[in-house]
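Below, each chain spelled out in residue letters.
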Amino acid sequence: MTKNIMIVGVGGQGTLLTSRIIGKAALSNGYDVKISEVHGMAQRGGSVVTFVRFGEKVHEPVVEEGQADVIIAFERLEALRYAHFLKKDGVLVVNDCRIDPMTVVIGAKTYPENILETLKNDHAVYTVDGKEIAISLNNSKVLNSVVLGFAAPFIGFDKETWLSTVETTVPPKTVEINKTAFLKGMEQAKN
């Protein structure tokens with residue numbers, strides 16, 4: 001059976017690093033892994049979409065609509081934008097954060113109200129304030145590790161696999177803070 005993970009966010013939030021950590025964790029557990037990154041206008045502010053698929057044998061990297069087991073959204077509007085990729089019994093993990101897209105900034109569109117409530121009508125939604133936790137660690141750049149830690153129980157693998165994968169994937173000087181952030185996110189998921 002193949003596990004389909006989708007990571008969505010805004011450029012600069014660490015979505016690509018998150019997909020690499022998930023992929024390496026799956027590889028270390030003996031799975032065949034395919035990763036596909038769709039950068040689009042990813043330079044700070046644009047939408048970023050990444051697919052990670054793992055299982056005994058994975059033939060293609062892209063997750064089709066209605067097939068994602070888990071969607072990790074680093075921003076509320078991105079969660080709304082890609083929720084249709086979630087399968088019926090899938091899980092939507094949302095970093096409760098608002099980043100206005102350029103169309104909202106220039107006044108061409110308005111940011112939708114009640115996104116989380118709307119999503120909860122049709123999906124199993126779990127939210128975390130990754131930014132608040134990252135700031136409490138005095139490093140807003142570890143937001144992605146917080147959110148991944150929160151999402152980890154929905155993906156699988158043991159804590160040691162996750163921590164060793166974080167250790168071998170993030171820049172060496174950031175290993176300890178990323179591991180701490182990951183554990184804070186994981187701890188938040190238990191609550």
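Here the structure is shown first, and the text comes after it.
Residues numbered from 1 in each chain as written. Predicted model: local features only at pLDDT ≥ 70, side-chain atom pairs only at ≥ 80, totals over all residues. Heavy atoms only, no water.

*Asks:* Outline the sheet that holds strand β1 (residues 3–10), supporting the account with residue identities and numerical values.
*Replies:* Whether parallel or antiparallel, the strands of a sheet pair through hydrogen bonds between backbone atoms. One open sheet holds the 6 strands; their spatial order is β2-β3-β1-β4-β5-β6, and the pairing between them is mixed. One side of each edge strand has no neighbouring strand; the edge strands of this open sheet are β2 (32–38) and β6 (124–128). In this sheet, neighbouring strand axes are inclined to one another by 15° on average, regardless of whether the strands run parallel or antiparallel. The pairing of β2 with strand β3 (residues 47–55) spans 7 bridges and is classified as antiparallel. By the bridge assignment, Ile 35 is partnered in β3 with Val 52. Here helix α1 (residues 15–28) sits on the sheet in contact with β1, β2, β3 and β4 (68–73), set at roughly 5° to β3. Those strands touched by helix α6 (residues 143–155) are β1, β3, β4, β5 (86–95) and β6, and its axis lies near 150° from that of β5. (Pairing = 2+ DSSP bridges. Helix = DSSP H or I, 4+ residues; strand = E, 2+ residues; numbered from the N terminus. Axes fitted to C-alpha atoms, helices over the stretch in contact; angles between N-to-C directions. Contact = heavy atoms within 4.5 Å.)

*Asks:* Explain a nonpolar patch on the surface to me, using residue names and the numbers behind them.
*Replies:* A contiguous nonpolar patch, built from Met 102, Val 105 and Ile 106 and spanning about 340 Å² of accessible area, is present on the exposed surface. On the secondary structure map, Met 102 appears in helix α3 (residues 102–105). By relative accessible area, which is 57% here, Met 102 ends up exposed. (Patch = residues over 30% accessible without salt bridge, like charges linked within 9 Å, V, L, I, M, F, W, Y side chains within 5 Å. Areas by Shrake-Rupley, 256 points an atom, 1.4 Å probe, with all protein chains shown as cover. Salt bridge = Lys/Arg side-chain N within 4 Å of Asp/Glu carboxyl O. Buried < 20%, exposed > 50% of the residue type's maximum accessible area, 1.4 Å probe, protein only.)

*Asks:* Can you explain the environment of Ile 155? Please cite residues and give values.
*Replies:* Topologically, Ile 155 is positioned in helix α6. According to the relative accessible area criterion, Ile 155 is buried, its value standing at 4%. A C-alpha to C-alpha distance of 13 Å links Ile 155 and Asn 29, two positions 126 residues apart in sequence. If near-sequence neighbours (up to four positions away) are discounted, Ile 155 is found in contact with Lys 3, Ile 5, Ile 22, Phe 54, Ile 72, Leu 148 and Trp 162.

*Asks:* How would you sum up the pairing of β5? Please name residues and give values.
*Replies:* Among the 10 residues of β5, 8 are classified as buried, and the element is accordingly described as predominantly covered. As paired elements, β4 and β5 share 5 bridges and run parallel to each other. Residue pairing in the sheet places Ile 71 in a bridge with Leu 92 of β5. Read from β4 through helix α2 (residues 76–82) to β5, the crossover connection turns out right-handed. (Right-handed = clockwise from strand over helix to strand, strands pointing away.)

*Asks:* Let's hear about the layout of surface pockets: which residues, and what values?
*Replies:* Computed from the structure, the largest pocket encloses a volume of approximately 550 Å³. Forming the boundary of the largest pocket are 23 residues, of which Gly 12, Gln 13, Ser 140, Lys 141 and Val 142 lie nearest the centre. Among the elements of the structure, α6 and α8 (175–190) are those that each provide at least two residues to the lining of the largest pocket. (1 Å grid on protein atoms, 1.4 Å probe; cavity = no way out; pocket = protein on both sides within 12 Å on 5 of 7 lines; lining within 4 Å. Points joined across faces, edges and corners; volume = space filled by probe spheres on them.)

*Asks:* A description of the nonpolar core should follow, citing residues and the corresponding values.
*Replies:* Ile 5, Ile 22, Ile 72, Ile 155 and Trp 162 are the most contacted members of the largest nonpolar core, which totals 35 residues. In terms of residue count, the dominant contributor to this core is α6 (8 residues). Membership of the second largest hydrophobic core comes to 22 residues, among which are Met 6, Val 63, Ile 71 and Ala 79. (Core = buried A, V, L, I, M, F, W, Y, C linked by side-chain atoms within 4.5 Å.)

No statement about biological role is implied by the geometric values presented.
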